Amino acid sequence: SPPLYKQRYQLVVELVEKCQARKVADLGCARCTLLSRLKFCSCIEVLIGVDTDLELLKENMYRVSPLPGDYLQPRPSPLSVRLYQGSVAVKDPRMLDCDFVSCIELIEHLDATELARFSEVLFGYMNPAVVVITTPNADFNPLFPGVTKFRHCDHRFEWSRSEFQAWCLDIGRTNAYSMEFTGVGVGPAGTETLGFCTQVAIFRRDPSNKMKMKNSELPYKLIYEAVYPSMQNRKILHDAILNEVIFAAECVRRSFIDIDTGGQSEWRTCRADGEECALAAFSPEVSGPSFGGSPEVAGCPELSWSPEVTKIGAQLHIPVSTFFTNPRIRQLSDSLQQLQEVLQASNRVKLSHCGSSILYPAGDEN
């Protein structure tokens with residue numbers, strides 16, 4: 001089975017996706033390992049990590065930085081990631097309005113005073129819709145050779161299942177949360193009575209639970225912030241549309257070259273998603289300045305010839321409406337009018353005088 005930490009993280013990721021949480025915080029984020037997985041959840045728009053260890057945050061903030069692929073294929077929705085240095089026992093208004101908060105192997109590192117403040121800050125002040133808390137199950141410890149007290153030297157305590165559940169139930173009654181108990185890490189056969197290696201509590205806020213008063217102080221120190229490229233950014237969306245249009249126009253150009261040479265195309269291309277496009281066969285008889293019917297364009301089966309596609313001199317005249325038959329372009333543009341507006345505002349493509357067609361070089365050299 002996967003390592004225990006991976007099982008814990010997978011449980012959190014699945015819950016976030018099930019809840020479709022938009023604002024998510026990981027308290028005690030340490031090396032940002034969980035955050036580096038959560039950033040791939042398409043539902044998340046704000047992702048926050050909090051830890052007291054400044055050096056640890058600086059050393060690992062690269063884990064939540066955008067990758068080259070994030071610029072090549074921007075997200076449909078926005079995403080901003082922030083890392084704060086701060087204590088989970090201190091209130092900061094930037095932590096309000098969270099849909100989901102994870103506290104993975106955190107509470108056992110808090111002393112009694114911090115633990116009391118933590119529960120008041122998290123449930124009484126932050127008041128998120130869903131909270132997941134994991135902690136070692138002390139009932140399971142006899143299965144670890146050499147463990148006489150705690151599993152880690154920094155643990156202030158390790159609770160049995162009854163102790164952990166009693167603490168959670170008290171929080172639920174005080175702050176109007178319901179809860180579910182589960183766990184990860186199954187022991188050997190015959191040890192089922194000891195429970196899971198890691199015990200998990202999932203808290204869900206009662207709909208009647210109202211937000212508490214906000215404070216104006218900002219005690220947390222912002223260490224890192226990244227704003228991911230997304231299709232919500234007008235420039236990025238327009239660039240994506242133009243890239244798809246130019247790609248489709250190149251497919252048309254290649255097909256004209258294949259027809260002019262009187263043979264079946266051997267040209268192949270790969271889309272941005274890595275999938276190779278199918279080739280279309282063209283017969284030498286389909287030639288001339290204009291084309292009837294609607295055969296597929298070589299290398300781009302989503303795009304079909306329009307009867308109005310023509311080659312005049314060294315240029316192809318491709319109707320804008322032809323590009324709108326491409327599912328990807330149609331998805332990005334929403335309407336033919338929007339596609340035309342994007343093309344008219346760009347200097348990356350050349351339009352006919354009336355704006356109804358794209359003029360694209362027809363020769364071997366683009």
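Use the structure listed above.
These numbers come from a predicted model, not from an experiment.

With that settled, consider the overall build of the protein. A count of helices and strands for the protein gives 10 helices and 14 strands. Across the 366 residues that make up the protein, the buried fraction comes to 48%. Partitioning the intrachain contacts of the protein with sequence separation of at least 6 by distance along the chain shows that 70% fall at a separation of at least 24. As displayed, the protein has an accessible area near 18300 Å², and 51% of this comes from carbon and sulfur atoms.

Another point: unusual backbone geometry. Despite not being glycine, aspartate 97 has its phi angle at roughly 65 degrees, a positive value. Within the secondary structure layout, aspartate 97 lies in the loop between strand 3 (79-85) and strand 4 (100-104). Here aspartate 334, not a glycine, exhibits a phi torsion of approximately 70 degrees, which is positive. Of note, aspartate 334 is situated in the loop between helix 9 (327-333) and helix 10 (336-344).

Where charged atoms from two side chains of opposite charge come close, those side chains can pair. Inspection of the entire model under this criterion finds 12 salt bridges. In this structure, arginine 156 engages aspartate 154 in a salt bridge whose closest nitrogen and oxygen atoms are separated by 2.9 Å. Judged by its relative accessible area of 45%, arginine 156 is partly exposed. Several salt bridges share partner residues, and in doing so they unite Lys235, Asp239 and Arg348 into one network.

Our focus in this paragraph is the sheet that holds strand 8 (residues 221-228). Strand order in this open sheet of eight strands is 6-7-5-4-1-2-3-8, and the pairing throughout is mixed. The sheet terminates laterally at strand 6 (177-184) and strand 8, the two strands that pair on one side only. Direction aside, the axes of adjacent strands within the sheet are offset by 15 degrees on average. Where strand 3 lies against strand 8, seven bridges are found, and the strand directions are antiparallel. When the sheet's bridge partners are listed, leucine 83 is paired in strand 8 with tyrosine 224.

What counts and how
Within each chain, residues carry numbers counting from 1 in the order of the written sequence. The predicted nature of this model means local features are confined to residues of pLDDT at least 70 and side-chain atom pairs, given and counted, to a pLDDT of 80 or more, with totals for whole chains, interfaces and linings taken over all residues. Side-chain figures throughout are based on the complete set of non-hydrogen atoms in the structure, without hydrogens or water. The way it works is that DSSP assigns letters per residue, a run of H or I at least four long becomes a helix, a run of E at least two long becomes a strand, and they are numbered from the N terminus. For the exposure calls, accessible area comes from a 1.4 Å probe over protein chains only, and a residue counts as buried if that area is under 20% of its type's maximum, exposed if over 50%, partly exposed in between. In what follows, a contact means two residues having at least one pair of non-hydrogen atoms within 4.5 Å. Where accessible areas are quoted, they stem from the Shrake-Rupley method and a 1.4 Å probe; at the residue level, only the protein chains shown are allowed to cover. Salt bridges are defined by distance alone: a side-chain nitrogen of Lys or Arg within 4 Å of a carboxyl oxygen of Asp or Glu. Strands were regarded as paired on the criterion that DSSP finds at least two bridges between them. Helix axes are fitted to C-alpha atoms over the stretch in contact, other axes to C-alpha atoms as well, and angles between N-to-C directions run from 0 to 180 degrees.

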